[in-house]
Amino acid sequence: MTCVFESARTAVYAPLTHHLYTQVIFQLTVRCLSGTEIADDDAVVALLKRQYDVLAETTPTTVLLPWLPTPAMVRKLRATKVVYDTVVAAVDARERGGCARDDTLQLLLDAGDDRATIIGFIMGLLVAGARATGTTASWLVVYLSAYPEWRVEAKEEILRLLATHATESATSPLQARLASIPLAAWEADTPVFDALIRETLRIAQPHTAIRKNLGPDVLVDGKLVPAGAHVVYPFSDVHLDEALYPSPWVFDPTRPARQGKMEYLGFGGGNTVCLGNRLAKMMIKLSTGMFLLAFESSVVDATGIALAEAPVPDWNDAVHARPTRPCYLEYERTKVIL
Ligand code: HEM
């Protein structure tokens, strides 16, 4: 993995840091979920990222009248075609070349999946994974920059993980040492990161679940949902509920994990739980860990003065959850990179 951060004072979200971070996460997602031909080509990854950004643009018309050929819908169609052509080209190249690789595309081909399934899988999972993971990772960096005590704890956890589990020697490059930590350790031995990610998802993932009742009519909490109707459920209903999470806008990873049914929906609930949650957490821990080891950072205003309070995510900004007021991330390289 290449580290793309540079030492500078840069605007959070508007535009550079959010862009950089989502770019890193997008690259990681492409690497994990598609083929080497795509992931190794920076220009193709950038092209795909631009298409997925177009696909994420929503207007009232694209939601309410998706069949109407508005300019926004035409842009989306064009973007889908570019993504489709790119994935098809990678599948074709692999099949023609006949050279096996160690990646997801190979896994699907070896499993005997048909072409349409493989293309649909890659196209769909890139959209499912990249956006939410990028937004979550960006907000986690913002919170770690706003709360030095959490930055220290998270950094110590990564250092302890390296000391305890890395099999590469201390003289190896940082990415090689991080890569040598077994998956089991990343998943079972990072309680601080788990709490941080959990709280970031609660406060900065404005997700809304949508379901269609395929029939028959059903009563939900005393309300009739007729067959064929859609039900929309914003996660703010629980995640920002004072009764469940006192002072809900405060970032507090020490909150006790709510055990009640549907009281925490960070990765979904009931029959629909995120199938990529392990991958997402891994990408967030790895990228944030690298950032913490390489940079010191703080959240400041436009004049460089530290903010008294952490920025607040805008839940009406369903795709990016940008802060409600402009703010900046000040960061510089640390002298010693472990
Ligand atoms: C921090 C990052 C992520 C968050 C917050 C997240 C969140 C969610 C949520 C809330 C759902 C349930 C949606 C609903 O009920 O309407 C979901 C479903 C899903 N997610 Fe994720 N997700 C993330 C990353 C990923 C990644 C990286 C992948 C792909 C590897 C992925 C693949 C999926 C899939 C396939 C489903 C549908 C599961 C089903 O229908 O049974 N997600 N995700």
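Residues numbered from 1 in each chain as written. Predicted model: local features only at pLDDT ≥ 70, side-chain atom pairs only at ≥ 80, totals over all residues. Heavy atoms only, no water.

## Here's the deal with the overall build of the chain
Next, step 1: Within the chain, the regular secondary structure consists of 13 helices and 9 strands.
Next, step 2: By the compact-globule yardstick of 20 Å for 338 residues, the chain fits well, its C-alpha radius of gyration being 21 Å.
Next, step 3: If one aligns the C-alpha atoms of the chain with their principal axes, the spans along those axes are about 60 × 60 × 40 Å.
Next, step 4: Long-range contacts, defined here as pairs at least 24 residues apart, represent 69% of the contacts in the chain between residues at least 6 apart.
Next, step 5: Summed over all atoms, the accessible surface of the chain reaches about 17,800 Å², with 60% contributed by carbon and sulfur. (Helix = DSSP H or I, 4+ residues; strand = E, 2+ residues; numbered from the N terminus. Rg over C-alpha atoms; globule rule 2.2 N^0.38 Å. Contact = heavy atoms within 4.5 Å. Areas by Shrake-Rupley, 256 points an atom, 1.4 Å probe, with all protein chains shown as cover.)

## Comments concerning unusual backbone geometry
Next, step 1: Between Gly-215 and the following residue, Pro-216, the backbone shows a cis peptide bond with an omega angle of 0°.
Next, step 2: Mapping Pro-216 onto the fold places it in the loop between β2 (208–212) and β3 (218–220).
Next, step 3: Residues other than glycine seldom take positive phi values, yet Asp-221 does so here, at roughly 50°.
Next, step 4: Here Asp-221 shows up in the loop between β3 and β4 (223–225).
Next, step 5: Its identity as a non-glycine residue notwithstanding, Ala-321 has a phi of 50°, on the positive side.
Next, step 6: When you line up the elements, Ala-321 lands in the loop between β8 (295–300) and β9 (328–333).

## Section: the pattern of salt bridges
Next, step 1: One pass over the full model with this rule turns up 19 salt bridges.
Next, step 2: The salt bridge partner of Asp-92 is Arg-115, with a shortest N-O separation of 2.9 Å. Within this pair, whereas Asp-92 is found in helix α5 (residues 71–97), its partner Arg-115 is found in helix α7 (residues 115–146), the two being separated by 23 residues in sequence.
Next, step 3: Linking Arg-258 and Glu-263 is a salt bridge whose minimum nitrogen-to-oxygen distance equals 3.2 Å.
Next, step 4: A network of salt bridges, in which partner residues are shared, links Glu-37, Arg-94 and Asp-103. (Salt bridge = Lys/Arg side-chain N within 4 Å of Asp/Glu carboxyl O.)

## Comments concerning the site of the ligand
Next, step 1: If you check the shell around the ligand, you find 22 residues, and the closest are Gly-129, Thr-133, Arg-211, Gly-268 and Cys-274.
Next, step 2: Within the side chain of Arg-211, a nitrogen or oxygen atom sits 2.7 Å from an oxygen atom of the ligand.
Next, step 3: Mapped by element, the contributors of at least two residues to the shell around the ligand are α7, β2, β7 (272–273) and α13 (277–294).
Next, step 4: Per element, the largest residue contribution to the shell around the ligand is 6 residues, and it comes from α7. (Near = heavy atom within 4 Å. Polar contact = N/O pair within 3.5 Å; in protein donor to acceptor, adjacent residues only side chain to side chain.)

## Details of the UniProt feature "binding site: heme" (unreviewed entry) in the chain
Next, step 1: In this structure's numbering, the residues bearing the UniProt feature "binding site: heme" (unreviewed entry) are Cys-274.
Next, step 2: Looking at where Cys-274 falls in the secondary structure, it is placed in the loop between β7 and α13.
Next, step 3: Using a relative accessible area of 32% as the deciding quantity, one classes Cys-274 as partly exposed. (UniProt positions renumbered as here; feature names shortened; annotations may be inferred. Buried < 20%, exposed > 50% of the residue type's maximum accessible area, 1.4 Å probe, protein only.)

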